Amino acid sequence: MTTHTAKGTISDQAASRLPGLDGLRALAVIAVIAFHEQLSAFPGGFLGVDVFFVLSGYLITDLLVAHWNRHGHLDLRGFWARRARRLLPALAVLLVVVTAATALIEPAQLATLRSALLAAGTYSSNWWQALAHHSYFARFGPPPPLQHLWSLAIEEQFYLVWPLLLLAILKTCQSGRLRAGLVWLGAALSAVAMILVYVPGADPSRVYYGTDTHASALFIGSALALSWPLRRMQALSRDSARVPDALGLAGIAVLAWAIGHFSGTDRVLYPAGLLVAALAAGAVVLAAASPGLVSWALGQPVLRWIGIRSYGIYLWHWPVIALAAAAFPQLRPAGWIWLPEAALSVALAAASWRW
């Protein structure tokens, strides 16, 4: 759900430091927190994860293709090493702290936590939760403190597999349109898988957790990167940026409507709602990468500060919510409890990002 930087990857550095994209990360993580805090105005805040998926697909694909265009090959070992250096230390600290806190606050969850730790360490949390029938949208008792890691598992699986698939596409297809078309086909196949697996009226967690059924947003971002790479969007003039600006504003409006309208059990969501949200997010990504109004608005200092730390905020916010619910059940429901929880999550994320 993050973009990563490393010495020598010019496109990656530029992408991760674009203020508009940082601001988009901020809005996405705020939406997710609002959903997890069960704020009534954000029933579809979980769609913030799909915004992250689109953004990750776009930036990772742009990084890989830019390297291919410059050097004629992909440095897969270096790519995977940079992902590990960026993701694993913060995750390791989280797992240690959550394990210790769970032992003190909710020791009854330790037995289940062991399996969750193994799944988190192997980036298979989404499949473990799907096979264990852990519902994402229904809560019974204190919530599992590592439940949110399902989305990071999907992203890590994408980081492992997608460069290999992209390498095959780059080697076998010379046409840019054909390359993008194959990736759009991948998005369509994932949506078809969701249609086939989804059972109306049943708990949708399987199709929501599944890599096969929830990969459309990642492929949509990747396809956009092949058609409208980052350097092309950054090089637009102010006049030329009016088109992506208009699309981005429309995308923001669609996302705002979807976040305020959909619930996790809405039948329309699978896959139509998720596809609409992903396409809207794609429009915002292109606008945020362009030198226009959307990029300026999303690049404001407060949003950028949050966006730069969004990975850590996402990591920490759910364990804070889950363990606070176990430690202080008498405070639920309380309309104000989200304030200290959000503040603690941001503080932990800031410390994680700093050290």
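As the structure is a prediction and not an experimental result, all values here were calculated from the model. (Residues numbered from 1 in each chain as written. Predicted model: local features only at pLDDT ≥ 70, side-chain atom pairs only at ≥ 80, totals over all residues. Heavy atoms only, no water.)

Chemist: Tell me what's going on with the overall build of the protein, and back it up with residues and numbers.
Modeler: When you go through the protein residue by residue, the secondary structure sums to 17 helices and zero strands. In terms of overall size, the protein behaves like a compact globule, its C-alpha atoms giving a radius of gyration of 20 Å where 355 residues would be expected to give roughly 20 Å. Counting only C-alpha atoms and orienting by the principal axes, one finds that the protein spans roughly 60 × 45 × 35 Å. Considering the protein as a whole, with its 355 residues, one finds that 55% of them fall into the buried category. If you take every contact in the protein between residues at least 6 apart in sequence, the share linking residues at least 24 apart comes to 79%. Taking the 24 positively charged and 15 negatively charged side chains of the protein as two groups, their mean positions are separated by 9 Å. (Helix = DSSP H or I, 4+ residues; strand = E, 2+ residues; numbered from the N terminus. Rg over C-alpha atoms; globule rule 2.2 N^0.38 Å. Buried < 20%, exposed > 50% of the residue type's maximum accessible area, 1.4 Å probe, protein only. Contact = heavy atoms within 4.5 Å. Lys, Arg positive; Asp, Glu negative; His and termini not counted. Charge placed at Lys NZ, Arg CZ, Asp CG, Glu CD.)

Chemist: Could you give an account of the nonpolar core, with specific residues and numbers?
Modeler: Counting 99 residues, the largest nonpolar core has L47, Y58, L149, W150, Y270 and L315 as its most contacted members. With 13 residues, helix 3 (residues 48-71) is the largest single contributor of residues to this core. Not counting the four nearest positions on each side in its chain, L47 is found in contact with A258, I259, F262, L269, L274 and A277. (Core = buried A, V, L, I, M, F, W, Y, C linked by side-chain atoms within 4.5 Å.)

Chemist: Account for the packing of helix 2 (residues 19-36) against helix 3, naming residues and giving values.
Modeler: Where helix 2 meets helix 3, the closest approach of the two axes is 7 Å, and the angle between their N-to-C directions is 150°. Taken together, the axis directions place helix 2 and helix 3 in an arrangement best described as roughly antiparallel. Where helix 2 crosses over helix 3, the handedness of that crossing is left-handed. Counting all contacts with helix 2, which are made through L21, L24, R25, A28, V29, A31 and V32, the residues of helix 3 involved are G48, V49, V51, F52, L55 and L59. The class makeup of the residues in the contact of helix 2 with helix 3 is eleven nonpolar, one polar and one charged. (Axes fitted to C-alpha atoms, helices over the stretch in contact; angles between N-to-C directions. Parallel < 35°, antiparallel > 145°, perpendicular 65-115°, else oblique. Left-handed = near helix turned anticlockwise from the far one by under 90°. Nonpolar A, V, L, I, M, F, W, Y, C, P; charged D, E, K, R; others polar.)

Chemist: Tell me about a nonpolar patch on the surface, and please be specific about residues and values.
Modeler: A grouping of L178, L182, L185 and L189 is seen on the molecular surface, where their side chains present a nonpolar patch of about 360 Å² in accessible area. As for its position among the elements, L182 is in helix 8 (residues 176-197). Classification of L182 as partly exposed rests on a relative accessible area of 35%. (Patch = residues over 30% accessible without salt bridge, like charges linked within 9 Å, V, L, I, M, F, W, Y side chains within 5 Å. Areas by Shrake-Rupley, 256 points an atom, 1.4 Å probe, with all protein chains shown as cover. Salt bridge = Lys/Arg side-chain N within 4 Å of Asp/Glu carboxyl O.)

Chemist: Now, about the layout of surface pockets: what can you tell me, with residues and values included?
Modeler: Here the largest pocket is characterised by a volume of approximately 530 Å³. Lining the largest pocket we find 27 residues, and of these S135, Y136, F137, A138 and R139 sit closest to its centre. Tallied by class, residues from the lining of the largest pocket come to twelve nonpolar, 14 polar and one charged. (1 Å grid on protein atoms, 1.4 Å probe; cavity = no way out; pocket = protein on both sides within 12 Å on 5 of 7 lines; lining within 4 Å. Points joined across faces, edges and corners; volume = space filled by probe spheres on them.)

Chemist: How would you sum up the pattern of salt bridges? Please name residues and give values.
Modeler: Under the definition given, this model contains four salt bridges. A salt bridge links R304 to D22; its shortest N-O distance comes to 3.1 Å. Residue R304 is found in helix 15 (residues 301-308), and its partner D22 is found in helix 2; the two are separated by 282 residues along the sequence. Owing to a relative accessible area of 0%, D22 belongs among the buried residues under this scheme. Among the charged side chains, a network of salt bridges with common partners joins D22, R25 and R304.

Chemist: Go over the side chain of S295 with me, naming the residues and quoting the values.
Modeler: Among the secondary structure elements, S295 is positioned in helix 14 (residues 293-298). Residue class for S295 comes out buried when judged on its relative accessible area of 16%. A polar side-chain atom of S295 sits 3.3 Å from the main-chain carbonyl oxygen of S290. (Polar contact = N/O pair within 3.5 Å; in protein donor to acceptor, adjacent residues only side chain to side chain.)

Chemist: Go over the packing of aromatic side chains with me, naming the residues and quoting the values.
Modeler: Taken as a whole and assessed by the stated rule, the structure comprises 19 aromatic pairs. Pairing F46 with F137 gives two aromatic rings, centres 5.4 Å apart and planes at 70°, and the pair type is edge-to-face. Note that F46 is positioned in the loop between helix 2 and helix 3 and F137 in the loop between helix 6 (125-131) and helix 7 (150-172), a separation of 91 residues in sequence. The burial state of F46 is the same as that of F137; both residues are buried. On the basis of an interplanar angle of 25° and a centroid distance of 5.2 Å, the ring pair of Y136 and Y208 is categorised as stacked. (Phe/Tyr/Trp six-rings, centres within 6.5 Å; stacked < 30°, edge-to-face > 60°.)

Chemist: So what's going on with helix 5 (residues 110-121)? Which residues, and what values?
Modeler: Every α-helical turn comprises 3.6 residues, leaving residues that sit three or four positions apart pointing alike. End to end, helix 5 covers 16 Å across twelve residues, agreeing with the expected 16 Å (1.5 Å per residue, within 8%). Turning to helix 5, its buried residues number three or more, namely L113, A116, A119 and A120. Taken around the axis of helix 5, the buried residues stretch over an arc of 120°, which confines them to a single face. Exposed side chains of helix 5 directed beyond 90 degrees from the buried face belong to A111, R114, L118 and G121. On the buried face of helix 5, the contacting elements are helix 4 (76-105) and helix 6. Directly after helix 5, the chain includes Y123, whose backbone phi takes a positive value near 50°. (Expected span 1.5 Å × (residues − 1). Arc of directions from axis to C-beta.)

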